[in-house]
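Coordinate inspection notes
Given next are the chains, with one letter for each unit.
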Amino acid sequence: MAATPDPTAAVSELIAVVAQLRNPESGCPWDLEQTHASLVPYVLEEAHEVADAIRHGDDAHLKEELGDLLLQVVLHAQIAQEEGRFDLAQIAAGISEKLVRRHPHVFAGAEAADSAAVKANWEAIKAAEKAADPAGQPSASPLSDRLAGKVRGQPALAGAMTISKKAAAAGFEWDDMAGVWEKVHEELDELKEAVASGDKAHAQEELGDVLFTLVNVARWCGIDPEAGLAGTNRRFLDRFSRVEAALGGNLQGRSIRELEGLWQQAKAEIRAAQSSES
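These lines cover the structure that appears in this document, whether it is placed above or below. Numbers given for residues are sequential positions, taken from 1 along each chain in its written order. Confidence filtering applies because this is a predicted model: local features only for residues at pLDDT of at least 70, side-chain atom pairs given and counted only at 80 or more, and all residues used for totals across whole chains, interfaces and linings. For the side-chain quantities, the full set of heavy atoms in the structure was used; hydrogens and water were omitted.

1. Brief notes about the overall build of the protein chain
Rules: Helix and strand assignments come from DSSP, with helices taken as H or I runs of at least 4 residues and strands as E runs of at least 2, each series counted from the N terminus. Values of the radius of gyration come from C-alpha atoms, whereas the globule rule sets the reference at 2.2 Å times the count of residues to the power 0.38.
Looking only at helices and strands, the protein chain has 13 helices and zero strands in total. Tracing the protein chain from N to C terminus, the helices and strands come up as α-α-α-α-α-α-α-α-α-α-α-α-α. Taking 19 Å as the expected radius of gyration for a compact globule of 278 residues, we find that the protein chain reaches 25 Å, considerably beyond that expectation. Referenced to the eigenvectors of the C-alpha coordinate spread, the extents of the protein chain come out at roughly 60 × 55 × 45 Å.

Here is the structure:
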């Protein structure tokens, strides 16, 4: 069994590798072209791939994807260091200081009976930090401002759930589930009208409204919309791969009736396989 590498040495080696990739004289042309902005899609992609590995419970995959995500952090730090703005050491020191500051029950003798108390303390400390910021200005809509900052870096679906939960906790909530379903149907009707009108921009807005309202359905039911959609994606690809295989990899020229028949056959095959395993 191979010896476990020293964490400090391993991270130092990664920093050195990334620095070499960014070396103006002998580095990689692709890496040298990258900026914070150009790397945004890769940061998001790697974060999603980490989440996917966690959902699948695959340690080897998770280890690899966490490495890819760590590369993005080191690469951003290297770009900032080259511009004399900050480096990886400052990033690590900043998050360490924040963790110590926001966990007084661990590092400063305060008490927190459970995770709910920890979360409440965390939010209170964040609010106090913001109030103490000399650059900060009093806001007439503090919750909206906090949420705008929080969801800025989240995928749209996760951001919608964050907004929905916080707004509901503040009192902006339906009386019962019937009200949520009524809103779903209202928004769906508006989407149909927008699509029929041919106004693509309006249709996109209405589609967003439908999705946001469905996120509220998920919140009321205590289910995770991100996990639900990820599961649907996997099931679709499983079924679609069987349809492709049945047609030799070529779907062109096939009728929707034939394709639907193969789709239903694929569903039945998967269901039968799952039943035999259980």
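2. Some points on the layout of surface pockets
Our working definition: Buriedness for pockets is judged along seven lines, at least five of which must meet protein on both sides within 12 Å for an open set on the 1 Å grid over protein atoms alone, while cavities are sets there where a 1.4 Å probe fits but cannot get out, and lining residues have an atom within 4 Å of a point. Grid points are joined across faces, edges and corners, and a volume is the space filled by probe spheres set on the points. Each residue receives one of three labels: charged for Asp, Glu, Lys and Arg, nonpolar for Ala, Val, Leu, Ile, Met, Phe, Trp, Tyr, Cys and Pro, and polar for the others, Gly being one of them.
Considering only enclosed or pocket space, the largest pocket measures out at about 260 Å³ in volume. Together, E123, K126, A127, K130, L143, R146, L147, K150, K166, A169 and A170 line the largest pocket. Split by residue class, the lining of the largest pocket holds five nonpolar, no polar and six charged.

3. Digging into the nonpolar core
Selection rule: Remark: nonpolar core denotes a set of buried residues (Ala, Val, Leu, Ile, Met, Phe, Trp, Tyr, Cys) joined through side-chain atoms within 4.5 Å. Burial classes: relative accessible area under 20% of the type maximum marks a residue as buried, over 50% as exposed, and values in between as partly exposed (1.4 Å probe, protein chains only). We call two residues contacting when some pair of their heavy atoms lies within 4.5 Å.
V18, L39, V74, L75, A77, I79 and L88 form the largest nonpolar core, which has seven residues in total. It is helix α4 (residues 59-82) that contributes the most residues to this core, four residues altogether. Filtering out sequence-adjacent residues up to four positions away, V18 remains in contact with L71, V74, L75 and Q78. Judged by nonpolar contacts, the second largest core, of five residues, contains V243, L259, L262 and W263.

4. A few points about the packing of helix α12 (residues 225-246) against helix α13 (residues 256-277)
Put simply, the rule is: Fitted lines through C-alpha atoms give the axes, limited to the stretch in contact for helices. The angle between two N-to-C directions lies from 0 to 180 degrees. When an angle is under 35 degrees it counts as roughly parallel; over 145 it counts as roughly antiparallel; between 65 and 115 it counts as roughly perpendicular; any other value is oblique. Crossing handedness: left-handed means the near helix sits turned counterclockwise from the far one by under a right angle, and right-handed means the same turn made clockwise.
In the contact formed by α12 and α13, the axes pass within 9 Å of each other and the chain directions differ by 120 degrees. The angle between α12 and α13 places the two elements in the oblique class. In the packing of α12 onto α13, the handedness of the crossing is right-handed. Across from F236, D238, R239, F240, R242, V243 and A246 in α12, the residues of α13 making contact are L259, L262, W263, A266, K267, E269 and I270. Partitioned by chemical class, the residues of the contact of α12 with α13 number nine nonpolar, no polar and five charged.

5. Some words on the pattern of salt bridges
Put simply, the rule reads: Salt bridge criterion: a side-chain nitrogen from Lys or Arg within 4 Å of a carboxyl oxygen from Asp or Glu.
This structure, assessed with the given rule, holds eleven salt bridges. Measuring nitrogen to oxygen at the nearest pair gives 2.4 Å for the salt bridge that ties E83 to R85. On the basis of relative accessibility, which here comes to 43%, the residue R85 falls in the partly exposed class. A salt bridge links R242 to D238; its shortest N-O distance comes to 3.6 Å. Of this pair, R242 and D238 are both found in helix α12, four residues apart, which corresponds to roughly one turn of the helix. Looking at R242, the relative accessible area reads 31%, which means it is partly exposed. Bridged by salt links that share partners, the residues R101, R102 and E129 form one connected network.

6. Section: the packing of helix α3 (residues 36-56) against α12
Where α3 meets α12, the closest approach of the two axes is 12 Å, and the angle between their N-to-C directions is 80 degrees. The orientation of α3 with respect to α12, classified from their angle, is roughly perpendicular. On α12, the residues that touch D52, R55 and H56 of α3 are E226, A227, A230 and R234. Residue composition of the contact of α3 with α12, by class: two nonpolar, one polar and four charged.

7. Points about the packing of aromatic side chains
Selection rule: Centres within 6.5 Å make a pair out of two Phe, Tyr or Trp rings, where for Trp the six-membered ring is used; the pair is then stacked when the planes are under 30 degrees apart, edge-to-face when over 60, and tilted otherwise.
Under the defined criterion, the tally for this structure stands at three aromatic pairs. Between W30 and Y42, the ring centres sit 5.6 Å apart and the planes meet at 85 degrees, which makes this aromatic pair edge-to-face. Linking W30 in helix α2 (residues 29-33) with Y42 in helix α3, this pair joins segments that are twelve residues apart in sequence. The class for W30 is partly exposed, based on a relative accessible area of 38%.

8. Considering the environment of R242
Test applied: The term polar contact refers here to a pair of N or O atoms within 3.5 Å; inside protein, the definition further demands a hydrogen-donor-capable atom paired with an acceptor-capable atom, and it admits residues adjacent in sequence only when both atoms are side-chain atoms.
Remark: the alpha-carbon pair of R242 and K267, spanning 25 residues in sequence, is separated by 9.2 Å. Not counting residues within four places of it along the chain, the set of residues in contact with R242 comprises A266, E269 and I270. Of note is the side chain of R242, whose polar atom sits 3.2 Å from the side chain of E269.

9. Examining a nonpolar patch on the surface
Stated formally: Grouping into patches uses exposed residues only, defined as over 30% relative accessible area, and leaves out salt-bridged ones; the cut-off is 9 Å for like charges and 5 Å for nonpolar side chains (Val, Leu, Ile, Met, Phe, Trp, Tyr). Reported accessibility uses the Shrake-Rupley method at a 1.4 Å probe radius. Residues are deemed covered only where the shown protein chains occlude them.
The grouping of L70, V73, F86 and I91 at the surface amounts to a nonpolar patch, some 280 Å² of accessible area in total. As for its position among the elements, V73 is in helix α4. Given the relative accessible area of 37%, V73 is considered partly exposed.

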